[in-house]
Amino acid sequence: MLSLPKRWSAEMTQGGEAWERIAAALERMAPPPAPPTDWLAHPAYVWDGQSARSIAELDALPLERLHGIDTQKQALRDLCGRLASGAAAHDVLLWGARGMGKSALVRAAVADVQSDSPQALALVQLAPGALPGFPALIAELAQQPRAFLLFIDDLGFGDDGRAEMLALRGLLDGGVAPRPAHIRIAVTANRRAITMREDTSAALHERDERDDALALADRFGLTLGFHPASRETFLAMVESYTAPLGLSVDAEEALAFAIQRGNRSGRTALQFATELAGRAGKRL
């Protein structure tokens, strides 16, 4: 049997011990593993594709502060209530004019349900790029005795968002491991489907994209459209922010502010109210 010289054997032993010391040092330097998420302790979470960050307080306006979207408010509040109670509920697509409260309504509807039953429902927002980790999230939430509304904000329907759109469509379709009934999805987007460009050379590609977008929209049991606010609705939105502060509003100034920004929306109303509150030295 071949035997190594003693010097070589000693050097190999010392080398092995050195590697063990290095490995031990690296292990000590590595951050400790994150504790498991407590999915029952908080009103909301943000999922980054691998882990969740808890949100101690959900940033949401009272439902009555959202104007011009009464039908949408009632429909989404009803859906969240059903989901929280364990009844059958749809996935929902909120689409339409920017700044008209799509995201705000999702948060407000969940918070309104939580005001009656804090433990019944939680909101989980998916961070940009987190869709590949979606199946792992579903598997984790499936074991929880609580309902969850998964929130994907501002999903793109153009070239940049096509991969995400197709991925989401596949997830909504389900598979051999179906999504549990206590987990539903809310998605906001500026358009229900893309429109055709005038460039006829791209017509076939555009038609494919439009079909993809419509195929995705068809997978939502509830679809809510949001449209630009009328003059009266916009002023009511401004009033909802300023009245509690005792601030007076010049209608013509408010409308001119909206014209400068190119739209009458809830977001623009909040921006104008912020301007008035700032001038008066008040917090909004």
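Residues numbered from 1 in each chain as written. Predicted model: local features only at pLDDT ≥ 70, side-chain atom pairs only at ≥ 80, totals over all residues. Heavy atoms only, no water.

**Focus: the pairing of strand β2 (residues 52-55)**
Okay, so step 1: Note: strand β1 (residues 44-47) against β2, four bridges, orientation antiparallel. Note that in β2 the partner of tryptophan 47 across the bridge is alanine 52.
Okay, so step 2: Here β1 hands over to β2 after four residues, with glycine 49 in that stretch at a positive phi of 110°. (Pairing = 2+ DSSP bridges. Helix = DSSP H or I, 4+ residues; strand = E, 2+ residues; numbered from the N terminus.)

**Re the pattern of salt bridges**
Okay, so step 1: Scanning the entire structure with this criterion turns up seven salt bridges.
Okay, so step 2: As a salt-bridge pair, arginine 231 and glutamate 252 come within 3.1 Å of each other at their nearest N and O atoms. Linking arginine 231 in helix α7 (residues 231-242) with glutamate 252 in helix α8 (residues 251-261), this pair joins segments that are 21 residues apart in sequence.
Okay, so step 3: A relative accessible area of 39% places arginine 231 in the partly exposed class. (Salt bridge = Lys/Arg side-chain N within 4 Å of Asp/Glu carboxyl O. Buried < 20%, exposed > 50% of the residue type's maximum accessible area, 1.4 Å probe, protein only.)

**Observations concerning α7**
Okay, so step 1: Its 12 residues place the ends of α7 17 Å apart at the C-alpha level, agreeing with the 16 Å of an ideal helix rising 1.5 Å per residue.
Okay, so step 2: Along α7, the positions that sit buried rather than exposed are Phe234, Met237, Val238, Ser240, Tyr241 and Thr242.
Okay, so step 3: Where α7 is buried, its residues touch α8 and α9 (266-279). (Expected span 1.5 Å × (residues − 1). Contact = heavy atoms within 4.5 Å.)

**Overview of the pairing of β1**
For a regular strand, side chains alternate in direction, first toward one face of the sheet and then toward the other.
Okay, so step 1: Neither face of β1 is open: one carries Ala44 and Val46, the other Tyr45 and Trp47, and all of them are buried.
Okay, so step 2: Strand direction decides the pairing type here: β1 and strand β4 (residues 121-126), joined by four bridges, are parallel. Each residue of the ladder has a partner; that of alanine 44, found in β4, is leucine 123.

**A short note on the layout of surface pockets**
Okay, so step 1: Taken as a whole, the largest pocket holds about 550 Å³ of empty space.
Okay, so step 2: Looking at the lining of the largest pocket, the elements with two or more residues in it are α3 (102-116), β6 (183-189), α7 and α9.
Okay, so step 3: When its residues are assigned to classes, the lining of the largest pocket shows 11 nonpolar, seven polar and eight charged. (1 Å grid on protein atoms, 1.4 Å probe; cavity = no way out; pocket = protein on both sides within 12 Å on 5 of 7 lines; lining within 4 Å. Points joined across faces, edges and corners; volume = space filled by probe spheres on them. Nonpolar A, V, L, I, M, F, W, Y, C, P; charged D, E, K, R; others polar.)

**So, the sheet that holds β2**
The strands making up a sheet associate through backbone hydrogen bonding, with each pair oriented either parallel or antiparallel.
Okay, so step 1: With mixed pairing, the seven strands of this open sheet are ordered in space as β2-β1-β4-β5-β6-β3-β7. Edge strands, defined here as strands with exactly one partner in the open sheet, are β2 and β7 (222-226). Across the sheet, the mean angle from the axis of one strand to that of its neighbour is 20°, orientation sign disregarded.
Okay, so step 2: For β4 and strand β5 (residues 147-152), the ladder comprises five bridges, and the chain directions are parallel. Across the sheet, residue leucine 121 finds its bridge partner in β5, namely alanine 147.
Okay, so step 3: Strands in contact with α3 are β3 (92-96), β4, β5, β6 and β7; relative to β4, the strand with the most contacts, it is inclined by about 155°.
Okay, so step 4: Strands β1, β4, β5 and β6 of the sheet are contacted by helix α4 (residues 134-141), whose axis makes an angle of about 165° with β5. (Axes fitted to C-alpha atoms, helices over the stretch in contact; angles between N-to-C directions.)

**Some details on the packing of aromatic side chains**
Okay, so step 1: Within this structure, the stated rule accounts for three aromatic pairs.
Okay, so step 2: Plain terms: the ring middles of tryptophan 39 and tyrosine 45 are 4.7 Å apart, the flat faces sit at 50° to each other, and that makes the pair tilted. The two residues tryptophan 39 and tyrosine 45 agree in class, both being buried.
Okay, so step 3: Between tryptophan 39 and phenylalanine 148 the ring centres are 5.9 Å apart and the planes differ by 90°, which places this aromatic pair in the edge-to-face class. Here the residue tryptophan 39 occupies a position in the loop between α1 (6-29) and β1, and phenylalanine 148 occupies one in strand β5, the gap between them amounting to 109 residues.
Okay, so step 4: You can call tryptophan 39 buried: its relative accessible area is 1%.
Okay, so step 5: The buried category is assigned to phenylalanine 148, whose relative accessible area is 0%.
Okay, so step 6: An aromatic cluster is built from Trp39, Tyr45 and Phe148, whose rings are joined through pairwise contacts. (Phe/Tyr/Trp six-rings, centres within 6.5 Å; stacked < 30°, edge-to-face > 60°.)

**Observations concerning the packing of α7 against α8**
Okay, so step 1: Axis separation between α7 and α8 bottoms out at 10 Å; the angle between their running directions is 105°. Regarding the angle of α7 to α8, the classification is roughly perpendicular. Contacts between α7 and α8 pair Arg231, Phe234 and Leu235 from the former with Ala251, Glu252, Ala254, Leu255 and Ala258 from the latter.
Okay, so step 2: In terms of residue class, the contact of α7 with α8 is built from six nonpolar, no polar and two charged. (Parallel < 35°, antiparallel > 145°, perpendicular 65-115°, else oblique.)

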